[in-house]
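These are the residues of each chain, in order.
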Amino acid sequence: MAERSAGGGVQSVERVFELLELITDAGGSATLSELAATAGLPLPTIHRLLRTLVKLGYARQLPTRRYVLGPRLIRLGEGAGKQLGALATPVLRKLADEVGETANMAVLDSDQVLYIAQAPSRHSMRTFTEVGRRAHSHATGVGKAILAQLTDEQVRGIVARTGLPAATPASIPSIEGLLADLAIIRELGYAIDEQEQELGVRCFAAAVPDAPTPTAISVSGPVSRVDEAFGERAVPLLQAAAREISGDLALQHA
């Protein structure tokens, strides 16, 4: 019979998901000894669980003996992302109507932001980010809003793995500059993409509180329309929408 945990769950299942999350937190790759040190479980137990995950395709072992996330997780992640996006889409549509610009939603996935939902502006000249697109977190409004939820150490780890490639000349070029920007974002409660992802486009973004994975929403458009006055009007609506999505998520998991 499966061993029960103190919280009433199945202990082996809890440990499996703990290992997957630890591999994710390590940047998608970890050794057996690294997992043992972090998880506080005996090496034989971790090895047995990893062997099962590898057999099922939820983990892979590289020739270097490091364990990485497996391809079967992609389908699960895509399905979860679609559900989260579907839940948030009505709120994004309302937000887009209120501010008159395109609204997006993205999550942190494998050190990048993954766009999972969008409500387009009604303007003929508007921004468009394809759902399913990935981008570097340091050069997007949603990405910076997400990074601001993490510790500086976690941000340094992401940058060490991905670098800081410049999408435009306005992209943040250094880790010191990024951390300084994130400190301001934490204080203000929202992020601004000042043409850092695409020239001619400005974006305001806010984190979704208490989301199951780091998540943010944004409104974006051409700099000719998305100016300081727009931000003063749009940011409170953006933050209210983020809280509404957070509440909807809480109801789903109640």
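For the structure itself, consult the block above.
My aim in this report is to walk through the structure given alongside it, one point at a time. Please read these numbers as outputs of a predicted model, since none were measured by experiment. (Residues numbered from 1 in each chain as written. Predicted model: local features only at pLDDT ≥ 70, side-chain atom pairs only at ≥ 80, totals over all residues. Heavy atoms only, no water.)

### Notes on the sheet that holds strand β4 (residues 102–109)
In plain terms, the rule: For two strands to be treated as a pair, DSSP must find at least two bridges joining them. Put simply, DSSP H or I for four residues or longer makes a helix, DSSP E for two residues or longer makes a strand, and each gets a number counted from the N terminus. Lines are fitted to the C-alpha atoms to define the axes, a helix being fitted only along its stretch in contact, and any angle between axes, read from their N-to-C directions, falls within 0 to 180 degrees.
One open sheet accounts for six strands, arranged β6-β5-β4-β9-β8-β7; its pairing is antiparallel. Sheet topology places β6 (134–136) and β7 (191–194) at the edges, where each strand pairs with a single neighbour. Shown here is a sheet whose adjacent strand axes are inclined to one another by a mean of 30°, direction ignored. Note that β7 and strand β8 (residues 201–207) share four bridges and pair antiparallel.

### Overview of helix α7 (residues 175–188)
Stated precisely, the cut-off is as follows: An expected span of 1.5 Å times one less than the residue number is assigned to each helix. Contacts: residue pairs with any heavy atoms within 4.5 Å of one another.
With 14 residues, α7 extends 20 Å from end C-alpha to end C-alpha; this agrees with the ideal 20 Å at 1.5 Å per step. Looking at the packing, one finds that the buried side of α7 touches α5 (141–147), α6 (152–162) and β7. With its phi angle positive at about 90°, Gly-189 sits one or two positions after the end of α7.

### Considerations on the sheet that holds strand β3 (residues 67–69)
For sheets, the rule is that strands pair by backbone hydrogen bonds, running either parallel or antiparallel. Taken in spatial order, the three strands of this open sheet run β1-β3-β2, and their pairing is antiparallel. Only two strands of the sheet have a single neighbouring strand rather than two, namely β1 (29–30) and β2 (59–61). Contacts from helix α1 (residues 11–25) reach β1 and β3, with the element oriented near 95° to β3.

### As for the environment of Glu-130
Assignment of secondary structure puts Glu-130 in the loop between β5 (112–119) and β6. Considered as a pair, Glu-130 and Gln-118 are 12 residues apart in the sequence and their alpha carbons are 8.0 Å apart.

### A word on the pattern of salt bridges
As a reminder, the rule being used: By definition here, a salt bridge exists when the distance from a side-chain nitrogen of Lys or Arg to a carboxyl oxygen of Asp or Glu is within 4 Å. Relative accessibility thresholds used throughout: buried, under 20% of the residue-type maximum; exposed, over 50%; partly exposed, between the two (1.4 Å probe, protein chains only).
Under the defined criterion, the tally for this structure stands at 10 salt bridges. The partner of Lys-94 in a salt bridge is Glu-244, and the shortest N-O contact between them spans 3.0 Å. Taken together, the positions of Lys-94 in helix α4 (residues 72–99) and Glu-244 in helix α8 (residues 228–252) put the pair 150 residues apart, joining distant regions of the chain. Using a relative accessible area of 32% as the deciding quantity, one classes Glu-244 as partly exposed. Each of Lys-144, Asp-181 and Glu-196 takes part in a single network of salt bridges with overlapping partners.

### A word on the packing of aromatic side chains
Quick note on the threshold: Classification of ring pairs rests on two measures: the distance between centres of Phe, Tyr or Trp rings, Trp counted by its six-membered ring, which must be within 6.5 Å, and the angle between planes, read as stacked under 30 degrees, edge-to-face over 60 and tilted in between.
The full count for this structure, using the stated rule, is two aromatic pairs. When the ring of Phe-204 is compared with that of Phe-230, the centres are 6.1 Å apart and the planes differ by 45°; the resulting orientation is tilted. Of the two residues, Phe-204 is situated in strand β8 and Phe-230 in helix α8; the sequence distance between them amounts to 26 residues. A single burial state applies to Phe-204 and to Phe-230, both of which are buried. One aromatic cluster in this structure is built from Tyr-190, Phe-204 and Phe-230.

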